[in-house]
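The lines below spell out each chain.
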Amino acid sequence: MKQIRYLHIEFDEEIEGREIPAFRGGIIQKAGQENVLFHNHLNGNKYLYSYPLIQYKTLRRRPVIICLDEAVDEIHHFFEQTDWSFKIGERLLDMKIRDLRLKRFNLQVWQTQFHYFIRNWLALNSRNYNTFMKLEGVAEQIEFLEKILKGNILSFAKGIDWTIDKPLECTITHYQEPRKVLFKRTPLMAFSVEFQTNVFLPDHIGLGKGASHGFGTVMLLKKKN
């Protein structure tokens, strides 16, 4: 079992999903480029290739920051600024807090299944895209995606220093055809699917490529009576 701290910060503005990079850039500028967890860039053109502990996204059109574990302490670099406002295009955003929730979660592998929806999940990279496109039929594609999703969950666990020492189960229960999105000006396939797993995942964390930019956001679905 692993216990983590989780901070959800929602601002009282509205932005489009395509404006998340500008929102992210505004927060990074206020917090300071020297604080690596805000952007995962090292000196020069090097990157910190690990699961992002600070993530930027929109929920119900509101800009949101999710901070995990040590990033909960790092967010003070933004909050200690006297002026939180910044521009997105021609608009000046006055970044007032609408909702702030600090929680602790116990993460473990359970005997039961949790049901989730993952939105705009960038499951495929340059290596596995061609393999996916050669698969025959939806059943093979779903099986392939389930393996990738399981790997993404394990990457999340590794990023928060949690060793999963029991069998991890992951099943896609509802599949939609992917749509094209732009990530860093590159067109990619984004999947939105429902899945079940025996691992509890904190609401609104990201999985897969672009997790820090609002892609692959996970939402817990309530059980249907």
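All of these numbers come straight from a predicted model, not from anything done at the bench. (Residues numbered from 1 in each chain as written. Predicted model: local features only at pLDDT ≥ 70, side-chain atom pairs only at ≥ 80, totals over all residues. Heavy atoms only, no water.)

## Things to note about the overall build of the protein
- Tallying secondary structure elements over the protein gives five helices and eleven strands in all.
- Computed over C-alpha atoms, the radius of gyration of the protein comes to 18 Å, within 12% of the 17 Å expected from 2.2 N^0.38 for 225 residues, which places it in the range of a compact globule.
- Overall, the protein is about 55 × 40 × 40 Å in size when its C-alpha atoms are taken along their principal axes.
- Out of the 225 residues in the protein, the part that is buried amounts to 49%. (Helix = DSSP H or I, 4+ residues; strand = E, 2+ residues; numbered from the N terminus. Rg over C-alpha atoms; globule rule 2.2 N^0.38 Å. Buried < 20%, exposed > 50% of the residue type's maximum accessible area, 1.4 Å probe, protein only.)

## A short note on the pattern of salt bridges
- A complete count under the given rule lists twelve salt bridges for this structure.
- In this structure, Arg5 and Asp73 form a salt bridge, with 3.0 Å as the shortest nitrogen-oxygen distance. One end of the pair, Arg5, is in strand S1 (residues 2-11); the other, Asp73, is in helix H2 (residues 71-74), with 68 residues separating them in the sequence.
- Note that Arg101 and Asp99 form a salt bridge whose closest N and O atoms lie 2.8 Å from each other.
- The class of Asp99 is partly exposed, set by a relative accessible area of 25%.
- Taken together, the shared-partner salt bridges in this structure form one network comprising Glu10, Asp12, Arg60, Arg62 and Arg98. (Salt bridge = Lys/Arg side-chain N within 4 Å of Asp/Glu carboxyl O.)

## Structural notes on the pairing of strand S7 (residues 109-121)
- In this sheet, strand S10 (residues 186-199) lies alongside S7 in antiparallel orientation, the contact comprising seven bridges. Considered in S10, the bridge of Val109 is made with Val199. (Pairing = 2+ DSSP bridges.)

## What about the nonpolar core?
- Ranked by internal contacts, the top residues of the largest apolar core, which has 66 residues, are Phe23, Ile65, Leu145, Phe191, Phe195 and Leu201.
- Judged by nonpolar contacts, the second largest core, of six residues, contains Leu122, Leu188, Ala190 and Phe215. (Core = buried A, V, L, I, M, F, W, Y, C linked by side-chain atoms within 4.5 Å.)

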